[in-house]
Structure formats: C-alpha cells, structure tokens
There are 6 protein chains.
Amino acid sequence: MPRATVVRRVHFNAAHRLHNPAQTAEWNRTTFGPCNLPNYHGHNYEVELCVEGEVSADTGYVVDVGTLKALFDEHVHALLDHHNLNLDVPWFATRLASTENVALFIWEQLASRIPSGHLTCVRLWETPRNYVEYRGG
Amino acid sequence: MPRATVVRRVHFNAAHRLHNPAQTAEWNRTTFGPCNLPNYHGHNYEVELCVEGEVSADTGYVVDVGTLKALFDEHVHALLDHHNLNLDVPWFATRLASTENVALFIWEQLASRIPSGHLTCVRLWETPRNYVEYRGG
Amino acid sequence: MPRATVVRRVHFNAAHRLHNPAQTAEWNRTTFGPCNLPNYHGHNYEVELCVEGEVSADTGYVVDVGTLKALFDEHVHALLDHHNLNLDVPWFATRLASTENVALFIWEQLASRIPSGHLTCVRLWETPRNYVEYRGG
Amino acid sequence: MPRATVVRRVHFNAAHRLHNPAQTAEWNRTTFGPCNLPNYHGHNYEVELCVEGEVSADTGYVVDVGTLKALFDEHVHALLDHHNLNLDVPWFATRLASTENVALFIWEQLASRIPSGHLTCVRLWETPRNYVEYRGG
Amino acid sequence: MPRATVVRRVHFNAAHRLHNPAQTAEWNRTTFGPCNLPNYHGHNYEVELCVEGEVSADTGYVVDVGTLKALFDEHVHALLDHHNLNLDVPWFATRLASTENVALFIWEQLASRIPSGHLTCVRLWETPRNYVEYRGG
Amino acid sequence: MPRATVVRRVHFNAAHRLHNPAQTAEWNRTTFGPCNLPNYHGHNYEVELCVEGEVSADTGYVVDVGTLKALFDEHVHALLDHHNLNLDVPWFATRLASTENVALFIWEQLASRIPSGHLTCVRLWETPRNYVEYRGG
C-alpha cells in the first residue's frame, strides 16, 4: 500500500514567561529580554500534527483527521488552552516554557495515542513569525 | 487632490483575562467561560491602523507608513507588548481587557498624533478567527 | 458608550453548480463556463459575520463571539456544511447558488437572531481569490 | 433586487523607486529613505477589485469575477507586471510611484470598463504589511 | 552544482464524497460521518508541487515554475477542476476520493513528466486546516 | 537532550531580472519570458531560516530567534533590501538572480554564523505562489 503523511492544524491560546530560577535575575533579563517580564504575556499557538503511515484501502485514510483533532482536544487543548503554562501545567514546573519545550510536551501527550500511522512531527507556531518542529528523539 | 486610506499592519503579544470585579465569581465564569480563568492566557494581537487623507503631490503619500509604525511602537507597543494588560496597564484597571476595549485604547493613544490625514479605523485581531473594528465615537 | 464592530470568522464546505433552468443549456454553458458542469464542484467557504453595536460596560463586549459561532453552527452550518446547495437546501430551489445568494441566505438565517448589536455584513469567500460582501437591503 | 459587493483578488510584480525630481537629492533621501535608492527595488503587489451592484436574477451575479480578471489582465497586468513603474509606464512620468498612486492608476484604467455594477474600491497591498484603499474622488 | 527544491503552488475546486461500496451504509456513515452524505460536498484544493534537482548554471533554475504550472494545468487541472471526483474521474471509480488518494493521483499524473529534477512531494490541502504529503512509494 | 528545529520568518524587498549574458537576446527572451524584461521587476521576498540543534536545558532554546533576526538583518537585509540584485550585489555579477541562487546567497551569508545548532534550510518565497528550499550542498 502507498504511504503518506496527514497533517491536521489545530490551535490554543496561553500565557507564559521565560524564567530559569537556577539563574540570577540579571541573567534572565539579559537572556530572555521582554519574554522574562514578570506578569506573563501570551500567544495564539498554532499547531500542525503530522502522522505518517499506510493509506488504508478501506478508508483511503492514513488516519482520520477528526480523530487527531479529538486526541488533541482531550490531551493537549484541555490542559493548555486559556491557561498559564508556568502556573497551571505541572510539566513546566521543572522546564522552561519555550516553544521548543511546548512542542515536546505536545509530542509526549500524543505520540503513543495515534491509532494508525505514527506521529512524525509537531510543528508549533508561537507567532506567525517563528515556529518549532519537533520530530521525537 | 485625490484622497485615499493607507493601512499599516503591526502586532504585539500580551496576556490578559476577562473579569468584572463588580460581579460575582459565578457571573464571571458563566459570562466569560475560559477567558475568566484566574492565571491569565494570551494572544498574538495583530493590528491594522487606517489613515484617510489627501494624497500629497510632493510625496505621493497620505502618510508615511514608517511614521505610523514608529508612533505605534512608542505609544502602544512599548506599553502592551510582552505585558499583562490587567496587571501592567493602568488604563485597564477600570475597564475590561476585551478586544473592543484594547482597540479603543490604541485609538486613544494614536488618534491625536497622526501627522497627516486622520485615523479612521483600528482593526484588531485577537486570534486569526475574531477581530474588532473601532472607528471612534 | 463607545460603539464597535465585532467579526467572527467561520467556515463550511459544500458542493454546488450554477444553472438557470429558465435558460437554454447553451446560455448556461456560455454564461457560467465550468461552474455549469453537471456533476457539481465545491468549495471551502470562509465566512465573516460582522456585528456592530455598543460596547457593554459590564462585559466589554458588543456581542460574545462564541454566541455568533453557536448561531452560525445551528442556523447555517447544520444546513450547508458537507451538503449540496442545489439538491439539499430548499432555499436554493428557486435561486442560483452563487456566492452572492449564499451570502444573502446566511444573512436571512442570522440577522434577526443577533442578541446584541446588529448584523452589518456577511463576507463570504468562495475561494481565497474571490468573495462577496452583503450588507442587507 | 438585493445589492452586494463582489471582490476579485489579482496580483502583479513590478519594480519602482520613490523620487521627486522637483526636490533635492537630500530631501528625497530624508523623505523616502531606502525607497529612494537609485537602482529600484520591487514588490509582489496584491490587488482587490470591489464592484457593488444589483444581484442579477438571471445569473445570481453582480458581475462575473472572470470578467473582472480579464479586464485587469488587459488594462493593468499587461502594462505593469514585470515592468518598472518609473521607466516603463508613462502615467508615472509625472507622478510618484507610491502605493496610493498605483491604486489611483488601476482605478483610472478600470472604473469606466466595469460592465455591471460599479467599482467602489481598489485595495492594493505593496507588502503583506501595508496597503492602500482608493475609492475614487 | 548546488541542488535545491523548487515549489509551485496551484489550485483547483472539486466535489466529492467518501463512500466505500464494499461496506454497508452504516459502516460508511460511522466511518466517514458527514463526508459520506449522498449528494457530495466540495473543496478548494490547494496544491504544492515540489521538484528537487541541480541548479542549472545556464538558467539559475532547477525547473521553470511556469513549466510546472503548465503540466499541472494539462494533466491535473483539466481533469479535476470544477468536476466531481467520484462521477467524472475514472481513476476514482475503484478508489476512495480521500485527500491521500487525490495526492497520489496528482503524483501519478506528473511524476514522469517533470523535465528537469524530479518530483519529491505533492502537498495537498483539502481545507486550510488539513493536508496530505505524498512522496511516492 | 532533545533536538528540535527552530524557524524564524523574515523578509526583504528587491528588484531583479533574469538575464544570462553568455546567451543571445532571443535565448534569454524565450527562456525567461517577462522575467527577462530590461528595466527590472521586483518581489517581496519572504524567508524562513531553519536551525536544528539540541534544546538547551538552561534556556529551553535551540537558538534565540532574535539572534537569527539580527544575523539576517546584518548579513542579508542590509545588502539586499530595497536594492537591485543585479546592479547592487556583486555576488550576482556572475550568477543569475534566480530564487534558487538568492537562497544560496543567504545560506552562504549565514551558515557559518549560527551560534548554536546549525542551519538546515533556507526557504525563500519569491511570490506567495512559488518558493525554493536550499539545504546546503
């Protein structure tokens, strides 16, 4: 059977700040600039979930994009949307809430739950001008 | 001389929540849903500044879009970008930080400072799926 | 109170063809070109619903964009999405399924149901390269 | 009959510079900055042509968007696309090649040729971050 | 010589439905949901054609993007645009008209016709929110 | 440590033409069509700079996207923006100013200057409808 990659675009909004508590206040200000400001800022995160696999002869699908959306809603959107990544999401208690790490969090929440095919990329836009691709590993 | 409208697109990121302290917690939860969550969320706000006026025979311009960008940077971006609208911007101490009111704030900061032509619209996207137009008055 | 316009972007997918049964086959082919082909084609319709009104001091809203989405889902999306405009929607039995008329249909379904403010524009993209604005009347 | 506005999006690429020969070199450098550099720069101009009129009961159209595209191709694209506005287009010999004036040129080329309805706006993006609206007059 | 990938974006509109005649009506409704509705729906399909190869010292090109557009127009657009994939395109008589399979069809129509370099990916958006990548094999 | 790819989107405007002085005027006209017209045309070039590397435990970053922007501004934007590629940029004196070669120029200017991780792709849009990916080599 032929193989293809299916991509579903989803989104969520959240607040965050970048701050490494193991470093000094001055290091944080210099390293992160306005992203270190104390009262948080936020983003409209846009996400692409990429799943590669065999095209089923029965359905013509690698995976139903509606299923990808439902998995994202339950395991990512419910935890991050309209929340503060630093204050509300325990996973970020010990990790910086950078775009790189948010992509890694989404991967960890979804990779083992894809019902057919396998997750090959989480593409995460923090703004329309910068994004991250995480491919596992 | 002919007249035209010039539009400059700019942007900023901020955190906010919707909460009316004159109302009960339950009213706020019901009215604002996840936008009322206590620890803030955020957006990539995209803005269009629209200035209408006569096309100058000397410059071919209604107004230099670089000037619009500089006014926005000084009088809006410096106050809102990477900030928390509720905690960091005194103007919102007595107003809800809704998209409608953020557009009104931008108008108040810029309308009297446009050097040629006059501001006719602030168009403000809170997300790629919803925006507000404020035209004064 | 200040007044503003709030816009919510929504979407649906549908099949249609352009065919005027009061005219000859040749007139239809000449007038509508490939849009007249007999077995239908289709579009991802993108819609902007524009509501103008007073900004409420209690909510900071002209109207809750979530309410606009819910009204669209019930009174437009449920009837048009994944349907054939010509075969499945009685309103089009006596009208051409042009973008102009689809915008008019959406207006008729929603204008009297807006709970605060009033509908001022239905903007309807048939493709990323052409759209229609209907403002009533 | 109901009335609506139909919009067709088209595009062209061109080189230009901003230079007012009635002024000094220093005035030009100060006023136009890098837009005054001598060897030209260029843009992917995106255009929206807006035509308002009655929706025909026969066709469901205000105007066929294919006709708008054909008029643009013949009377604008053929003259501007892949050309240098300053050197190749006589209309700009006595006018600055600003976005405002390019919109005015497009209006003059098309307004009297619209076969049904009337041209209400030429919206012209010079870049994804700035555009002009010209509505005649 | 250096190597690069050139991408041309093109588009077409079509109607389709998802229905597997080897399965029961109930299986089809459960599996495909509204995509199985009997009278078809449709999409604005957006396509990216990716061709990898050596950059020619004579032309600076891997391949002329105008050639890619002409090949697409003749071998894909002429067959699919403004058509019903299920009823009008024999290739889909024995295959589900899923995005995965439409991408595969485009690949089969074009891969052997690329005059320099080779086709490495057909990227096909069914809506702005979901797309498929097919890379052969 | 996990690895990821960070992408920063930037842009510049420039004029150019395609002309190979080693070939006849007729060959140039036939090969490049309107891109060969003598007085130049231009584009809004959009660029994505992709940097792959280890996610730092200290910063959560592969590389600071602000650093990527600053490197681009100094080593690419300052040389190309609002310039004529053929007349103003010595690198193109002996190379065709095709999108492929502009991507290669950007790579040469930036690849050795990335402070952490390494440049894996320069993605360069000449128009919204065509782009090139250069990955070195």
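Residues numbered from 1 in each chain as written. Chains lettered and ligands numbered in written order. Predicted model: local features only at pLDDT ≥ 70, side-chain atom pairs only at ≥ 80, totals over all residues. Heavy atoms only, no water.

**Student:** I keep staring at the packing of helix α2 (residues 65-80) of chain F against helix α4 (residues 99-110) of chain F and nothing clicks. Help me out?
**Tutor:** The geometry of a pair of packed helices is captured by two quantities: the angle between their axes and the separation between those axes. Residues and elements named next belong to chain F. Running from N to C, α2 and α4 cross one another at 140 degrees; their axes reach a closest spacing of 10 Å. What the angle tells us is that α2 and α4 run oblique. The two elements α2 and α4 cross, and the hand of that crossing is right-handed. Taking contact as the criterion, the partners of Leu71, Phe72, His75, Val76, Leu79 and Leu80 in α2 are, on α4, Val102, Phe105, Ile106, Gln109 and Leu110. (Axes fitted to C-alpha atoms, helices over the stretch in contact; angles between N-to-C directions. Helix = DSSP H or I, 4+ residues; strand = E, 2+ residues; numbered from the N terminus. Parallel < 35°, antiparallel > 145°, perpendicular 65-115°, else oblique. Left-handed = near helix turned anticlockwise from the far one by under 90°. Contact = heavy atoms within 4.5 Å.)

**Student:** Explain the pairing of strand β2 (residues 41-54) of chain A here, please?
**Tutor:** Within a regular strand, the side chains alternate between the two sheet faces. Residue and element names in this part refer to chain A. The element β2 is largely enclosed, with a buried count of 13 among its 14 residues. As defined by bridge partners, strand β1 (residues 3-16) adjoins β2 across 14 bridges and the pair is classed as antiparallel. Bridge pairing in β2 links Arg8 to Leu49. (Buried < 20%, exposed > 50% of the residue type's maximum accessible area, 1.4 Å probe, protein only. Pairing = 2+ DSSP bridges.)

**Student:** How do you make sense of the relation of the copies chain A and chain B when you look at a structure like this?
**Tutor:** Both copies of the chain are tied together by a single rotation about an axis and a shift running along it. Superposition of chain A onto chain B requires a rotation of 180 degrees combined with a translation of 0.0 Å along the rotation axis, giving an RMSD of 0.0 Å. Taken together, the rotation and translation describe the operation of a two-fold axis. (Least-squares fit on C-alpha atoms with pLDDT ≥ 70 in both.)

**Student:** Please explain the interface of chain B and chain D as it appears in this structure.
**Tutor:** Many authors give the size of an interface as the accessible area that is lost as the parts come together. Taken together, the 20 residues of chain B in the interface contact 19 residues of chain D. Taken together, the two surfaces of chain B and chain D that pack against each other cover about 1,500 Å², and 52% of this comes from carbon and sulfur. Summed over the three residues of chain B that lose the most area to chain D, namely B:Val7, B:Asp58 and B:Tyr61, the buried surface amounts to 30% of that side. Along the contact surface separating chain B from chain D lie zero salt bridges. Counting across the interface, chain B meets chain D through eight residue pairs in polar contact (both at pLDDT 80 or more). If you tally residues by element for the side of chain B that touches chain D, the top one is strand β1 (residues 3-16) of chain B, at seven residues. (Buried area = accessible area lost by both parts, 1.4 Å probe. Salt bridge = Lys/Arg side-chain N within 4 Å of Asp/Glu carboxyl O. Polar contact = N/O pair within 3.5 Å; in protein donor to acceptor, adjacent residues only side chain to side chain.)

**Student:** Sorry, what's going on with the confidence of the model for chain A here?
**Tutor:** Predicted coordinates in areas of low pLDDT are best not read in detail. For chain A, mean pLDDT is 98; residues scoring 70 or higher make up 100% of the total. Across the interfaces of the predicted complex, the ipTM metric reaches 0.96, alongside a pTM of 0.97. (pLDDT = per-residue confidence, 0-100.)

**Student:** When you look at the state of the cysteines in this model, what are you seeing that I'm missing?
**Tutor:** By definition, a disulfide is the covalent link that joins the sulfur atoms of two cysteine residues. Applying the stated criterion to the full structure yields zero disulfides over all chains. Cysteine A:Cys121 shares no disulfide, and the gap to the nearest cysteine sulfur, in A:Cys50, comes to 4.5 Å. (Disulfide = S-S within 2.5 Å.)

**Student:** Looking at this structure, how should I read the relation of the copies chain B and chain D?
**Tutor:** Once chain B has been moved 0.0 Å along the axis and rotated by 120 degrees, it coincides with chain D to within an RMSD of 0.0 Å. Interpreted geometrically, this transformation is the action of a three-fold axis. Looking at the rotation axis and the C-alpha trace of chain B, the residue lying nearest is B:Pro128, at 8.7 Å.

**Student:** Would you take a moment to explain helix α2 (residues 65-80) of chain C for this structure?
**Tutor:** A turn of α-helix holds 3.6 residues, and therefore any two residues three or four places apart point the same way. Residue and element names in this part refer to chain C. Along α2, the sharpest change in direction is near 45 degrees and occurs at Asp73. Every buried residue of α2 is listed here: Leu68, Leu71, Phe72, His75, Val76 and Leu80. Buried residues along α2 sit against β1 (3-16), β2 (41-54), β3 (83-84), α3 (85-88) and α4 (99-110). Its side-chain oxygen at 2.8 Å from the backbone nitrogen of Gly66, Asp64 defines the N-terminal cap of α2. His82 occupies a position one or two residues after α2 and carries a positive phi of about 60 degrees. (Bend = angle between axes of the 7 residues up to and from the residue.)

**Student:** Help me understand the environment of F:Cys121, please; the structure alone is not making it clear to me.
**Tutor:** Tracing the sequence through the fold places F:Cys121 in strand β4 (residues 118-127). Those residues in contact with F:Cys121 that sit more than four places away from it in its chain are F:Glu48, F:Leu49, F:Cys50, F:Trp107, F:Glu133, F:Tyr134 and F:Arg135.

**Student:** Would you mind going over the interface of chain A and chain B with me for this structure?
**Tutor:** Listed per partner, the contact involves 23 residues of chain A and 23 residues of chain B. With both sides pooled, the region where chain A packs onto chain B buries about 1,900 Å², and carbon together with sulfur makes up 51% of that total. Linking chain A to chain B there are two salt bridges. For the salt bridge of B:Arg129 with A:Glu46, the shortest nitrogen-to-oxygen distance reads 3.2 Å. Run the count over chain A and chain B and you get 15 residue pairs in polar contact (both at pLDDT 80 or more). At the level of secondary structure, the elements contributing two or more residues to the side of chain A that touches chain B comprise β1, β2, β3 (83-84), α3 (85-88) and β4 (118-127) of chain A.

**Student:** It is not clear to me how the packing of aromatic side chains should be interpreted in this structure. Could you clarify?
**Tutor:** Each aromatic ring pair is specified by the distance between its two centres and by the angle formed by the two planes. In this structure the tally under the stated criterion is 54 aromatic pairs over all chains. Summarising the aromatic geometry, the rings of A:Trp107 and A:Tyr134 are spaced 5.4 Å apart at their centres and angled 85 degrees between planes, so their arrangement reads as edge-to-face. Residue A:Trp107 is found in helix α4 (residues 99-110), and its partner A:Tyr134 is found in strand β5 (residues 130-134); the two are separated by 27 residues along the sequence. Its relative accessible area of 5% is what places A:Tyr134 among the buried residues. Between B:Phe12 and B:Tyr45 the ring centres are 4.8 Å apart and the planes differ by 10 degrees, which places this aromatic pair in the stacked class. Of this pair, B:Phe12 sits in strand β1 while B:Tyr45 is found in strand β2 (residues 41-54), placing the two residues 33 residues apart along the sequence. For the pair shown, B:Phe12 and B:Tyr45 are each scored as buried. Here the basic side chain of A:Arg95 rests over the ring of A:Trp91, its NZ or CZ set 3.8 Å away from the ring centre. (Phe/Tyr/Trp six-rings, centres within 6.5 Å; stacked < 30°, edge-to-face > 60°. Lys NZ or Arg CZ within 6 Å of the ring centre and 35° of its normal.)

**Student:** What should I look at first to understand the side chain of E:Asn130 in this one?
**Tutor:** One can find E:Asn130 in strand β5 (residues 130-134). Judged by its relative accessible area of 9%, E:Asn130 is buried. A distance of 2.8 Å separates the side chain of E:Asn130 from the side chain of E:Thr127, its partner in a polar contact. Non-local contacts of E:Asn130, meaning those with residues more than four positions away in its chain, are made with A:Val7, A:Arg8, A:Val65, E:Thr99, E:Leu124 and E:Trp125.

**Student:** Help me out: how do you make sense of the pattern of salt bridges in this one?
**Tutor:** If charged atoms from side chains of opposite charge come close, those side chains can pair. Under the counting rule described, the total for this entry stands at 48 salt bridges over all chains. Residue F:Glu52 pairs with F:Arg3 through a salt bridge whose shortest N-O separation is 3.1 Å. Of this pair, F:Glu52 sits in strand β2 (residues 41-54) while F:Arg3 sits in strand β1 (residues 3-16), and the two are 49 residues apart along the sequence. Measuring nitrogen to oxygen at the nearest pair gives 3.1 Å for the salt bridge that ties F:Lys69 to F:Asp73. Note that F:Lys69 and F:Asp73 are positioned in helix α2 at a spacing of four residues, about one turn of the helix. On the basis of relative accessibility, which here comes to 30%, the residue F:Asp73 falls in the partly exposed class. If you follow the salt bridges from partner to partner, you end up with A:Arg9, A:Glu46, A:Glu48, A:Arg123, A:Glu133, A:Arg135 and B:Arg129 in one network.

**Student:** Whenever I open this one, helix α1 (residues 25-32) of chain E confuses me. Can you help?
**Tutor:** Residues and elements named next belong to chain E. Restricting attention to buried positions, one finds in α1 the residues Asn28, Thr31 and Phe32. Each buried residue of α1 sits inside an arc of 75 degrees when the element is viewed along its axis, so together they form one side. Counted as exposed and oriented over 90 degrees from the buried face of α1: Glu26, Arg29 and Thr30. (Arc of directions from axis to C-beta.)

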